[in-house]
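Take a look at the letters that make up each chain.
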Amino acid sequence: MTFLDADGLTKVYGEGCSACLATTGPEYDRNRCPECDSVVACADVSFEVRDGEVLGIVGESGSGKSSVAEILALDADATAGTATIRGHGDVLDADYQRRREIRDEHLGMVHQHVHDGLNLSFTGGGNVAEKLLSAGWRHYGDIRSRVRGLFEETEVPVDRMDDSAETYSGGMQRRVQIAKAIANDPGLVVLDEPTTGLDVSVQARVLDTFRRLQREQDVATVVVSHDLSVVRLLADRVLVMRQGRIVEAGLTDRVMEDPHHEYTQTLINSII
Amino acid sequence: MTDAEPESLEELHDPSSEGLEGYNYAYLDEHTKREVRRATLKAISIPGHQVPYASRAMPLARGWGTGGIQASLSLLGPDDVFKVIDQGSDASVNAANIRRLAETTADIETTTDTTAASVIQTRHRIPEEVLTDDQILVLQVPVTDALRRVDGSDDRNRTRHAHADYSKMWVALYESVVQWGEVDIGARYPVMVEGRYLMDPSPIPRWDVPKLHDADNLFVFAAGREARIYAIPPHTDVEPLAFEDRSFRVEHFDEEACDACGSTDTFLTEVEGEDGERRFACNDTSFCEKRQRNSDCAKDDHLERSDIAWGPGTGIDPNGFVGDGGEDI
Amino acid sequence: MSTSTNSDGEQPRLAVTDLSKRFQMHVVDGREVVGLDSVEFDVAAGEFLAVVGESGSGKSSLLKCLHRTYEPTDGTIEYDTGDSVVDLATCNERTILSLRGTDVGYVSQFLREIPRVPAVDVVARPLRESGSSPEQARETARGLLERLQLPRELFDAYPATFSGGERQRVNFARGIAPRPRLLLLDEPTSALDPETREHALKLLRDYLGDDTAVVGVFHNHDVVERVADRVLTIDDARVVDVRPTGGEST
Ligand SMILES: Nc1ncnc2c1ncn2[C@@H]1O[C@H](COP(=O)(O)OP(=O)(O)OP(=O)(O)O)[C@@H](O)[C@H]1O
Ligand SMILES: [Mg+2]
Ligand SMILES: [Zn+2]
Ligand SMILES: [Zn+2]
């Protein structure tokens, strides 16, 4: 069943004018409006994600991937568009209170920058506990055992649970973010560059852990990455973005091995 | 308490007018009093919510109770009986100064007897004796926002209050239990008011926190430096923040008793005697004196009812309030 | 061109009609490359169809079109799910995703897996994903790897460090593990020594039983003659011959 239905997601940074959308995009090779100088970070981005499905979003730096991720994670407002989550209607339209509820209980986000995802002065366990506390958990013993379980699932050493997250390795911090993201059994998890900044061997284990959990819990996932191999390993379907627009979409292996759009072909060729 | 105010402008400006000695009645100009009363009324209507007001300069340094004085002087009328306590004691220089200011400018009677006062201004304590619906307790507040413990940004904290988003505070409690095995907050223990606003009860000990719940009297909290007033009206639900399995606990003094009156059901502080020996004594000096005269004097002796819930050692079973606690981490 | 239908005239498991694939190479001046040209054949349940042809003739393209890794330009690929007939060339991507793994298996030439996953878990994954318990999945995976003569000490090691032949066995085991109804094999035994290859081919029949339809690309003539029911020959993107094994090319 469709969990997330995103329709026409658009984010314009700046004043915006009537020419913004018509004068930017891949065919103009720019995302800055020549009329008003606004940046069209993403425009008219539409897709669906089902339960248990992983959607990848790839594209070069600045193509608008993170903007889409931020909108979905309700971390940023969209200029236009809707994101309908099953049972909750258009969440972009929701007031602050309901957005927070949805973010706390139905969404999980793994941020590209650890500072956006974790409070490093808290313990690793405290970071995960925060998500439970936000969702109304008030029994300390229950919280402790849930956090412990999440540490085990994401393979973070449980005996480090009460150490400050600052003292964790990059891979551990990423795992703690994953633990936090799945803490409330969300329907949707958004990962923004889940492996950047990690050692190659660590990357692999983080990906494997996430994929296992994702399949086990049947959670709809959006993974944003400029690393095609990450998307190839995780995603069932993929969107290719350029200058804020989707230029190609399809089954991941199809897009990687039989790219149709000129830009996708260049992108694929440039990594092999 | 405003019905006994001076009635004419002449009276206000007449420097020879009895007790006013060149100042307006109750020191503050009428505009300021109205401003403070308005803020107080608003605070009472939204229990636990911090209401800003135009805090004035007072003839004391900020941080010495300038907010409390503005609140008290705005409430006092000539028929009121005023008591001022500073950390449980009526005798401190600061308490005496505030009392004198009210006496000379507002023409009121003062007292040290909690049960005789209609308005009590206090710093860091709630009296041991049960307050009634005829009484107002004005608490001096140095830090208005409980959330400042977890985030220094008042801007962000205002947004949190607006949406009752207190998860940061809860994480702080979690971290405290992880580190200390219990919530490591002594004074200024955060409370939820009417299930809506997180509130800093001012630096009262945990001992006094249960008294805020479902009380007969009105509590007014006033901060001069931060220019905020908030309130707990009578019979408001006030709950200290605590985990279900790590209940809130008050201070306990084991086997200790007050050296002067023998009380074991009052908040004790350790004092050094003239002989250099350390002993425990009631922190609420006026109640201690009563107990010294009559060791059976109950905290609700002045009332017709008895067994009134007023913190530890009263009608409520402190153990019931304290909960079971302790469990593995 | 010869196209065979089931002797009893029933719906074949797979029926390919007029299948073409052309690639638009934007990077090279928009040049068009023909991968497949009007390919037609079908495969019955339990049948093993070998695909042979020279390098670059279009064998892998064919398998990839069947798997929808390549999007066919023209034609239909009718697959009988048992309940209904689905055109794999044009059906919804979601349908493809749900058929993959359980219904349609694909063993590529190269193992593509998340590094740092032990061999046994690589093989067990599709089983777990189709509902087996982790222990049951690992049990089956171990059994398959054993039959393929993979040294036991490698079961819990990471395939990244394996030899080509060892890796190929892991890949093979993973592809057949969920017993797909249509199995696509792209030179699955190319890196195996003759003895190991024997084990692999025997396992194929033993493990899959006689319901799975197989389309397999093989280089080795002997292998083709032994395992296949029919042989389809591709040359320069076209089917030039389909014949039963044992006979001579027409
Ligand atoms: N806060 C902002 N203000 C102005 N422009 C922005 C802002 N955030 C993003 N942009 C612009 O929007 C475009 C899309 O940015 P986005 O971060 O979504 O790209 P991305 O695809 O995630 O890139 P990367 O791979 O580098 O993370 C870029 O041109 C970027 O400069
Ligand atoms: Mg990004
Ligand atoms: Zn514009
Ligand atoms: Zn005493």
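Thresholds applied
In this numbering scheme, every chain counts its residues from 1 along its sequence in written order. Naming scheme: in the order in which they are written, chains are lettered from A and ligands are numbered from 1. Totals for whole chains, interfaces and linings use all residues, but because this is a predicted model, local features are given only for residues with pLDDT of at least 70 and pairs of side-chain atoms are given and counted only at 80 or more. Heavy atoms from the whole structure form the basis of all side-chain values; hydrogens and water molecules are not counted. Helix numbers and strand numbers start at the N terminus; a helix is a DSSP run of H or I with at least 4 residues, a strand a run of E with at least 2. Restricting the calculation to C-alpha atoms gives the radius of gyration, and the globule rule supplies 2.2 Å times the number of residues raised to the power 0.38. Throughout this description, buried means an accessible area under 20% of the type-specific maximum (1.4 Å probe, protein chains only), exposed means over 50%, and partly exposed covers the range between. What makes two residues a contact is simply this: any of their non-hydrogen atoms within 4.5 Å. We get accessible surface area from the Shrake-Rupley algorithm with a probe of 1.4 Å; when it comes to residues, only the shown protein chains can shield them. Where a domain begins and ends is set by an automatic assignment or by a domain database. Joining two parts hides part of their accessible area as seen by a 1.4 Å probe, and the buried area is that hidden amount summed over both. For salt bridges, the criterion is a side-chain nitrogen of Lys or Arg within 4 Å of an Asp or Glu carboxyl oxygen. Under this definition, polar contacts are N or O atom pairs within 3.5 Å; protein pairs additionally need one hydrogen-donor-capable and one acceptor-capable atom, and for neighbouring residues in sequence, both atoms have to be side-chain atoms. Nearness is defined per residue: one heavy atom within 4 Å of the molecule or strand is enough. Three classes are used: nonpolar for Ala, Val, Leu, Ile, Met, Phe, Trp, Tyr, Cys and Pro, charged for Asp, Glu, Lys and Arg, and polar for all others, with Gly counted as polar. To obtain each axis, a line is fitted to C-alpha atoms, and for helices this fit is confined to the stretch in contact; angles are then taken between N-to-C directions over 0 to 180 degrees. An angle below 35 degrees is treated as roughly parallel, one above 145 as roughly antiparallel, one from 65 to 115 as roughly perpendicular, and anything else as oblique.

**A few points about the overall build of chain C**
A tally of helices and strands in chain C yields seven helices and 10 strands. Whereas a compact globule of 250 residues would reach a radius of gyration of roughly 18 Å, chain C reaches 18 Å, a difference of no more than 12%. Considering only C-alpha atoms, chain C reaches an extent of 50 × 45 × 35 Å along its principal axes. Burial status across chain C gives 53% buried among its 250 residues. Here the analysis covers contacts within chain C between residues at least 6 apart in sequence; of these, 67% occur between residues at least 24 apart. When the accessible surface of chain C is totalled, it reaches about 11000 Å², and 45% of it is carbon and sulfur.

**Here's the deal with the domain arrangement of chain C**
How big an interface is tends to be stated in terms of accessible area lost as the parts join. Residues and elements named next belong to chain C. Looking at the assigned domains, one finds that chain C contains domain 1 (1–103 + 180–250) and domain 2 (114–178). Between domain 1 and domain 2, the C-alpha centre-to-centre distance is 24 Å. The junction of domain 1 with domain 2 conceals about 1400 Å² of combined surface from both sides, 66% of it contributed by carbon and sulfur atoms. When the area that domain 1 buries against domain 2 is broken down by residue, the three leading residues are His199, Leu203 and Tyr207, summing to 36%. There are one salt bridge connecting domain 1 and domain 2. At the boundary of domain 1 and domain 2, one finds six residue pairs in polar contact (both at pLDDT 80 or more). For the side of domain 1 that touches domain 2, the elements supplying multiple residues, two or more each, are strand 7 (182–186) and helix 6 (194–208).

**Points about the site of ligand 1**
All names here are of chain A. Asn31, Ser61, Lys65, Ser66 and Ser67 are the nearest of the 14 residues found near ligand 1. A distance of 2.4 Å is found between an oxygen atom of ligand 1 and a side-chain nitrogen or oxygen belonging to Ser61. Residue Lys65 places a side-chain N or O atom 2.4 Å away from an oxygen atom belonging to ligand 1. Coverage of ligand 1 by the protein amounts to 65% of the 630 Å² it exposes when considered alone. Every element with two or more residues in the shell around ligand 1 is listed here: strand 2 (39–50) and helix 1 (65–72). It is helix 1 that provides the largest number of residues to the shell around ligand 1, a total of three residues. A breakdown of the residues in the shell around ligand 1 according to their chemical character gives three nonpolar, eight polar and three charged.

**So, the packing of helix 4 (residues 134–147) of chain C against helix 6 of chain C**
Residues and elements named next belong to chain C. Closest axis-to-axis distance for the helix 4/helix 6 pair is 9 Å, and the angle between their directions is 140°. Relative to helix 6, the element helix 4 is oriented oblique. For the pair helix 4 and helix 6, contact is made by Thr140, Leu144 and Arg147 and by His199, Lys202, Leu203, Asp206 and Tyr207, respectively. Across the contact of helix 4 with helix 6, the residue classes tally to three nonpolar, two polar and three charged.

**Observations concerning the environment of Val223 of chain C**
Residues and elements named next belong to chain C. Structurally, Val223 can be placed in helix 7 (residues 221–227). Exposure remark for Val223: the relative accessible area of 2% places this residue in the buried category. The spatial distance from the C-alpha of Val223 to the C-alpha of Glu198 is 9.0 Å, given a sequence separation of 25 residues. Excluding its chain neighbours within four sequence positions, the residues that come into contact with Val223 are Arg197, Leu201, Phe218 and Ala228.

**Concerning the environment of Arg242 of chain A**
Residue and element names in this part refer to chain A. Among the secondary structure elements, Arg242 is positioned in strand 9 (residues 237–242). What makes Arg242 buried here is its relative accessible area of 15%. Reaching out from Arg242, the side chain makes a polar contact with the side chain of Asp29 at a distance of 2.7 Å. Polar side-chain contacts of Arg242 include one of 2.8 Å to the side chain of Glu60.

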